[in-house]
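Survey of secondary and tertiary structure
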Amino acid sequence: MNPTSARHRRGRHAALATLLAAAMALTACSTTKPASAGAGKSYCAGRTVTFLAPDDPGGNSDLQMRVVAPTISQILGCTVHVTDSPQGDTVVGQDLVAHAKPDGLTVGYLQVSKDVYNEGIGKKTIDFKADSVEYLASTQGTPNVVIAAPGSPYKTFQDIINSPTPVKILSTGGSGAMTMTMLLAAYGKKANLVSGYSSSADLVQGFLRGDGPVTNSALSAFSTIITDGKARPILMDAAPPPGPLADRLRNVQVYSDMLKQNPPTSASGNQLMQTLVNYRAAPSDWYFVPAGTPKDAVDQLRNAFGKALQDKGVQRKLAALAVDGYVPGSLGLKYIKQMEAIVPDIQKYSSGS
Amino acid sequence: MWGNLLQGLEATVGGWSAIVYLVSGVLLGVIVGVIPGLSGVVVISIALVFVYKLNLQATLVFFLGVHAAGTYSASISSILLNTPAHPESVPVGIDGYPMSRRGEGARALGISAASTAVSGVVGGVLLVIAFHGVDTLGTLLHPPDMVAIIILAIFLVATLGVRRTSKAVISIGLGFLLASIGTSHVTGQSRFTFNSIYLLSGVSLAVVAIGTFAVPQMVDLFGVASRTVKRRHLLADGTSDPKDIVSGASLRDTLGGAAEALRHWVILLRGAVIGFVGGIVPGVGGFATNYISYGVAKQLDRKRSHLYGTGIPEGIVAAESSSLAKEEGSKVMTLGLGLPTGTASALFLVALAIQGVQPGIGFIDRHPVQAYEIVWVLVLCTLLGTAVGVLAGPQLARVTRVPGVLLFPFVIAFCLVGVYIADVTYVAMGEIIVLGLVGIVLRRLGYSLGAYMMGVVMGPTLEQNVYLSHRLFPGWTVATDRPVAVVIVAVALVVLVLKVLEVRRADRAERAGNARRGVLARGGKENRYPVLELGTTIVLLVLGVGAGWYAATHYDGVTAGLPVVCCLLIVAGTLWQLPRHVNALRHRVEPTTEPDPPTAAMPVAQPPITPLPTGGGAATTVLVQAEPTIEDEETTTASPGIVRRAWGRHGQYTREIAAVGWAVGCALLCWLVGFRLGVGIFGLAYGLVAAGRALTSRWRKVAFTVASVVVLYVVVSLLFTALGLYEDPLIFIPVPTF
């Protein structure tokens with residue numbers, strides 16, 4: 001037998017087999033339909049709702065969305081899938097949803113504190129207006145806490161204010177550094193910030209090795225060192241959430257207490273402190289849909305988020321991510337406006353950080 | 001401790017469900033991790049989706065299984081195709097790919113697998129030891145120490161495989177310049193974003209790694225219309241053995257490679273320790289630790305130092321021995337202090353938090369069984385992943401028999417899909433093509449791609465630590481307070497000086513050789529492209545001056561620090577080499593038949609005859625014929641197609657333009673009609689137009705076209721559905737999905 005012709009025949013057989021397999025695969029492919037769940041009066045019955053997280057996979061908004069998505073899916077009776085668009089420091093993902101088709105099928109996640117801060121320091125971001133979207137619901141994130149080294153002389157925030165020389169304060173920069181700058185500015189003090197730490201983990205490491213006596217960040221970053229007695233909490237922006245640390249943090253001063261007990265001497269300082277109280281008390285992370293979404297869809301989504309975020313199982317999982325609380329979407333505009341009021345103050349003090 | 005260790009083992013493999021999750025995690029990690037762009041964090045985030053539905057034990061086993069196996073499998077594509085799945089797997093390709101090109105892919109995979117296994121086991125032992133001193137470990141290194149370590153690491157990498165110190169300096173500067181794009185981690189100010197919101201978060205590392213290493217490699221693949229590996233044995237007596245090395249690749253070759261790795265036990269142990277320590281330090285990352293391990297091995301191996309990069313086992317062992325140990329080192333901080341040292345550690349922390357477990361100080365005392373279970377899981381997953389790699393090695397090695405032109409559409413499509421998945425933006429595809437063009441030029445001209453990548457990876461960490469050092473240790477107090485840092489910087493300077501002396505010696509020898517041959521031009525092989533060399537140098541000079549001036553005039557002192565310093569490096573390097581390139585152009589000698597440099601990740605000189613250690617102690621001595629370059633293959637292949645009437649010597653420019661054209665076409669199609677349809681149309685067009693270079697039979701061409709359309713469509717569709725990915729093409733055309 002001619003080996004060349006045999007090889008060609010084998011080649012033809014292989015080609016035919018591949019074509020057959022391809023045809024079968026395409027047939028299978030064309031008959032496969034996307035899964036649809038639920039039916040009835042749901043606005044999205046038979047369709048898919050996309051939750052678009054403006055973070056990396058595994059980021060804060062991505063995880064929160066993945067926790068609530070299955071429950072929302074059950075309540076609405078339609079498929080919910082979570083996807084990410086992490087570019088541009090969260091603004092790209094927010095922008096995509098803000099300008100998506102307003103049909104209730106695309107739900108976004110807005111990190112208002114970051115946007116407000118960026119606006120304050122004049123950073124060019126997206127053309128995003130706070131009242132141009134429909135707010136669905138919010139979760140209350142972990143509070144911000146100021147801690148001091150146990151061996152340091154700072155037992156309250158007043159001790160830092162009364163210090164004759166500026167106290168070295170460690171920070172990751174951004175809104176945390178800005179908060180510290182403004183807190184001290186309200187009392188006529190200048191901050192001595194060391195704000196080059198890459199993450200809260202890096203910050204904790206710097207604090208533990210003694211880079212500086214005071215720092216501030218989210219409570220979740222400090223919880224283990226507070227529990228272990230390696231850090232002394234001295235000031236919080238809001239009351240502690242329920243949990244193992246609640247007892248330990250019960251007597252720690254919060255911003256509003258400070259404003260009442262040790263008010264700044266100047267009127268501008270008082271105003272600044274009041275703005276900080278409002279800024280830090282407002283929930284900053286919101287679920288939203290584009291403006292113009294039909295009212296029925298917005299109502300159903302608000303209802304679904306309300307039920308999901310008050311579900312015990314969902315709350316337990318969110319608590320593991322240091323997230324708790326539920327704020328209804330109807331309060332969205334009020335809080336957003338409250339936070340935007342701080343922009344001029346951030347502009348004023350941004351050079352200090 | 002022993003009781004807890006045994007209980008940890010029992011918890012790990014005590015039931016069938018645990019074993020099933022372990023195996024599932026490992027298989028998922030191996031399969032997904034091999035695709036460029038889909039490794040590391042992306043694989044872990046896929047695992048995270050499942051964590052919500054699992055209990056604690058299953059979470060540990062599954063999550064860590066995916067992670068450990070994904071870390072190993074990323075090396076497979078790097079070794080076989082020189083297309084690293086993520087930055088960490090770049091160093092293993094330096095020696096792995098040349099070995100693969102010699103037809104020793106199975107052996108290289110065996111060496112890699114065994115090195116990873118040992119790395120995992122040694123790292124596990126070190127992790128158990130470290131559990132006892134965890135409270136102090138994290139606070140040992142201060143910012144000045146970090147600065148010194150980074151400088152040493154960059155110098156070590158920059159001096160690897162690069163002929164000219166000036167090119168190493170420019171490569172570092174370019175890497176830093178790329179790293180400075182985006183928001184400054186110190187001041188929060190935007191740099192070089194030019195009002196583009198996409199650039200606010202900087203350039204993605206996955207995009208840089210794939211653009212720099214995978215795209216130039218794809219161009220080379222595109223040029224190979226015959227088998228990527230087509231070698232024959234030369235027996236010691238000079239006669240040739242008709243057996244094709246790759247078709248003869250067997251489990252014995254892989255096992256032989258694995259056994260061979262164990263013979264380099266000093267490099268293995270040293271690499272594992274480097275990896276473990278690197279894992280403890282936040283921000284160092286796998287790329288840096290693997291490269292440091294490789295660099296240290298090369299510097300200390302005086303006798304065979306010159307062979308590193310040519311495909312020797314020591315190179316693979318050095319690069320791979322730190323990989324898994326680094327992951328285990330990161331667990332010290334994650335478990336002991338609750339501090340993640342990277343994104344992967346952060347996701348692991350989240351997975352534990354979802355299960356109601358909060359690592360941190362006292363965790364090892366409170367949950368000793370779980371702490372040791374984590375150690376066991378990491379070790380067992382490493383061994384299991386390695387076993388899969390060893391068993392699949394011979395089959396995987398056969399991929400090198402496939403003509404490069406037929407591999408091209410799959411590699412390019414998966415690279416583009418991979419970076420889209422990592423960043424979820426079409427802009428990433430544009431970035432990959434731009435960075436790919438940069439990578440092609442830098443590689444062809446012999447710049448240090450390792451130093452360039454190192455600059456990108458370590459730039460932000462260096463900037464932060466320089467700033468912190470300045471704030472925490474003002475003035476010269478750093479010299480008295482952190483003497484360790486001073487010593488490390490001194491060692492780094494010695495490394496640099498030694499490199500300069502080495503280059504001068506080589507120059508003198510070359511000048512003497514040229515004088516003997518009557519050749520006036522300096523540089524010899526280096527100046528093969530005098531016009532491109534000079535043009536690139538001028539472009540880099542303009543870039544350095546322009547970017548430096550822009551940064552100095554538009555940003556405050558702290559924000560402008562990194563870009564200004566890197567621009568100074570670029571300007572210094574270009575001014576240093578400019579006279580040499582002008583001179584080379586003036587005394588230009590038209591090349592005759594001299595082949596182009598080999599196309600490995602680093603430009604290296606390959607010896608004419610390379611001894612092939614037979615690993616298993618076989619009786620016959622076998623020599624492998626020297627590796628012809630791709631240009632040689634082009635000129636000898638029956639149907640080179642693209643090369644006829646081509647532009648550039650041996651058609652290399654035509655090939656590059658055509659390959660980049662196909663890549664741009666694929667990206668445009670995906671952007672226009674979405675990935676599912678885009679890759680399908682791309683596969684169809686490519687099969688009909690370009691596959692004919694390797695497939696002469698019409699039926700085979702049709703079969704390949706259909707198969708590539710189906711494979712690309714189905715795989716991409718499955719990936720998008722599994723990840724719940726959102727895409728928003730310009731023209732939405734509904735297509736069936738899975």
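Here goes a summary of the coordinates provided.

So, how was this worked out
Residues numbered from 1 in each chain as written. Chains lettered and ligands numbered in written order. Predicted model: local features only at pLDDT ≥ 70, side-chain atom pairs only at ≥ 80, totals over all residues. Heavy atoms only, no water. Helix = DSSP H or I, 4+ residues; strand = E, 2+ residues; numbered from the N terminus. Contact = heavy atoms within 4.5 Å. Areas by Shrake-Rupley, 256 points an atom, 1.4 Å probe, with all protein chains shown as cover. Buried < 20%, exposed > 50% of the residue type's maximum accessible area, 1.4 Å probe, protein only. Pairing = 2+ DSSP bridges. Axes fitted to C-alpha atoms, helices over the stretch in contact; angles between N-to-C directions. Disulfide = S-S within 2.5 Å. Phe/Tyr/Trp six-rings, centres within 6.5 Å; stacked < 30°, edge-to-face > 60°. Lys NZ or Arg CZ within 6 Å of the ring centre and 35° of its normal. Expected span 1.5 Å × (residues − 1). Salt bridge = Lys/Arg side-chain N within 4 Å of Asp/Glu carboxyl O. Patch = residues over 30% accessible without salt bridge, like charges linked within 9 Å, V, L, I, M, F, W, Y side chains within 5 Å. Core = buried A, V, L, I, M, F, W, Y, C linked by side-chain atoms within 4.5 Å.

The helix and strand tally for chain A stands at 15 helices and 12 strands. Within chain A, counting contacts between residues at least 6 apart in sequence, those at least 24 apart form 76% of the total. Roughly 14700 Å² of accessible area belongs to chain A as shown, and the carbon and sulfur atoms make up 52% of that amount.

In this section: the pairing of strand E3 (residues 106-111) of chain A. Residue and element names in this part refer to chain A. Of all 6 residues in E3, 6 are buried, a share of seventy percent or more. Residues Thr 106, Gly 108 and Leu 110 line one face of E3 and the alternating positions Val 107, Tyr 109 and Gln 111 line the opposite face, and both faces are buried. Relative to E3, strand E1 (residues 48-53) runs parallel, the two being bridged by 2 bridges. Directly across from Thr 50, in E3, lies its bridge partner Thr 106. Where E3 meets strand E11 (residues 285-290), 4 bridges bridge the pair, whose relative direction is antiparallel. Pairing of Gln 111 across the sheet is with Asp 285, part of E11.

All names here are of chain A. Taken in spatial order, the 6 strands make up an open sheet running E2-E1-E3-E11-E4-E12, and their pairing is mixed. Taken across any chain shown, the strands that pair with only one partner, and hence form the sheet edges, are strand E2 (79-84) and strand E12 (324-328). Along the sheet, successive strands turn relative to each other by an average axial angle of 25 degrees, direction set aside. Sheet contacts for helix H2 (residues 60-76): E1, E2, E3, strand E4 (133-140) and E11; angle to E2, the most-contacted strand, approximately 175 degrees.

Once that is clear, we can look at the state of the cysteines. Considering all chains together, one arrives at 1 disulfide over all chains under this definition. Left without a disulfide partner, Cys566(B) is nearest to the cysteine sulfur of Cys567(B), which lies 4.6 Å away.

All names here are of chain A. The 6 strands lie next to each other as E7-E6-E8-E5-E9-E10, forming an open sheet whose pairing is mixed. Among the strands making up the open sheet, the edge pair consists of strand E7 (192-194) and strand E10 (253-254). Here 4 bridges tie strand E5 (residues 144-148) to strand E9 (residues 232-236), and the two strands are oriented antiparallel to one another. Looking at E9, one finds that Ala 148 is bridged to Arg 232. Contacting E5, strand E6 (168-170), E7, strand E8 (214-218) and E9, helix H6 (residues 174-186) crosses the sheet at an angle of about 170 degrees to E7.

Take the packing of aromatic side chains next. Per the counting criterion, the structure on display carries 21 aromatic pairs over all chains. Seen in terms of ring centroids, Tyr420(B) and Tyr426(B) are 5.1 Å apart; in terms of plane orientation they differ by 40 degrees. Their pairing is tilted. Residues Tyr420(B) and Tyr426(B) agree in their burial class; the two are buried. Cluster of aromatic residues (ring-pair linked, three or more members): Phe51(A), Tyr109(A), Tyr287(A) and Phe305(A). Above the plane of the ring of Tyr335(A) lies Lys334(A), whose end atom (NZ or CZ) is 5.1 Å from the centre.

All names here are of chain A. With 13 residues, H6 extends 18 Å from end C-alpha to end C-alpha; this agrees with the ideal 18 Å at 1.5 Å per step. The buried count for H6 comes to 10 of 13 residues, which makes it a mostly enclosed element. Among all positions of H6, only Gly 176, Ala 177, Met 178, Thr 179, Met 180, Thr 181, Met 182, Leu 183, Leu 184 and Ala 186 are buried. At the C-terminal side of H6, Gly 188 shows a positive phi close to 75 degrees.

Bringing the pattern of salt bridges into the picture now. Close approach of charged atoms allows side chains with opposite charge to pair. Residue and element names in this part refer to chain B. Taken as a whole and assessed by the stated rule, the structure comprises 14 salt bridges over all chains. For Lys 167, the salt bridge goes to Glu 533, with nearest N and O atoms at 2.9 Å. With Lys 167 in helix H9 (residues 165-179) and Glu 533 in helix H24 (residues 530-554), this residue pair connects regions lying 366 residues apart in the sequence. The class of Lys 167 is buried, set by a relative accessible area of 1%. On the basis of relative accessibility, which here comes to 0%, the residue Glu 533 falls in the buried class. Across the salt bridge formed by Lys 326 and Glu 327, the nearest N and O atoms sit 3.7 Å from each other. Because the salt bridges share partners, they merge into one network encompassing Arg 102, Glu 104, Arg 107 and Glu 260.

This next bit is on a nonpolar patch on the surface. Residue and element names in this part refer to chain B. Residues Val 664, Leu 668, Trp 671, Leu 672, Leu 730, Ile 731 and Ile 733 make up a contiguous nonpolar surface patch of roughly 570 Å² in combined accessible area. Position of Val 664 relative to the elements: it lies in helix H27 (residues 652-673). Val 664 sits in the partly exposed class, given a relative accessible area of 30%.

This next bit is on helix H28 (residues 675-689) of chain B. The end-to-end C-alpha distance of H28(B), which contains 15 residues, comes to 21 Å, matching closely the 21 Å that a straight helix rising 1.5 Å per residue would cover. Those residues of H28(B) that sit buried are Phe675(B), Arg676(B), Gly678(B), Val679(B), Gly680(B), Phe682(B), Gly683(B), Tyr686(B) and Gly687(B).

We now examine the nonpolar core. All names here are of chain B. Core analysis: the biggest nonpolar cluster contains 170 residues, and Met 454, Phe 675 and Tyr 686 have the highest contact counts within it. At 15 residues, helix H19 (residues 404-423) tops the list of elements feeding residues into this core. Not counting the four nearest positions on each side in its chain, Phe 675 is found in contact with Leu 416, Val 417, Tyr 420, Tyr 426, Met 429, Cys 670, Val 716, Phe 720 and Glu 727.

With that out of the way, let us pick up unusual backbone geometry. Leaving glycine aside, a negative phi is the common case for residues, and trans is the common case for peptide bonds. The backbone phi angle of Phe192(B) is positive, close to 50 degrees, even though this residue is not glycine. One can find Phe192(B) in the loop between strand E2 (190-191) and helix H10 (205-223).

Turning next to the environment of Thr386(B). Residue and element names in this part refer to chain B. Relative to the helices and strands, Thr 386 resides in helix H18 (residues 368-397). Once the C-alpha coordinates of Thr 386 and Thr 116 are considered, the two residues, 270 residues apart in sequence, prove to be 7.2 Å apart. For Thr 386, the contacting residues outside a window of four places in its chain are Ala 113, Ala 114 and Ala 117.

This part takes up the pairing of E5(A). All names here are of chain A. The element E5 is largely enclosed, with a buried count of 5 among its 5 residues. By the alternation rule, side chains of E5 split into Asn 144, Val 146 and Ala 148 and Val 145 and Ile 147, which are all buried. Looking at chain direction, E5 and E8 are connected through 5 bridges and run antiparallel. Bridge assignment links Asn 144 to a residue of E8, and that residue is Ala 218.

Any functional reading would require information beyond the geometric quantities listed.
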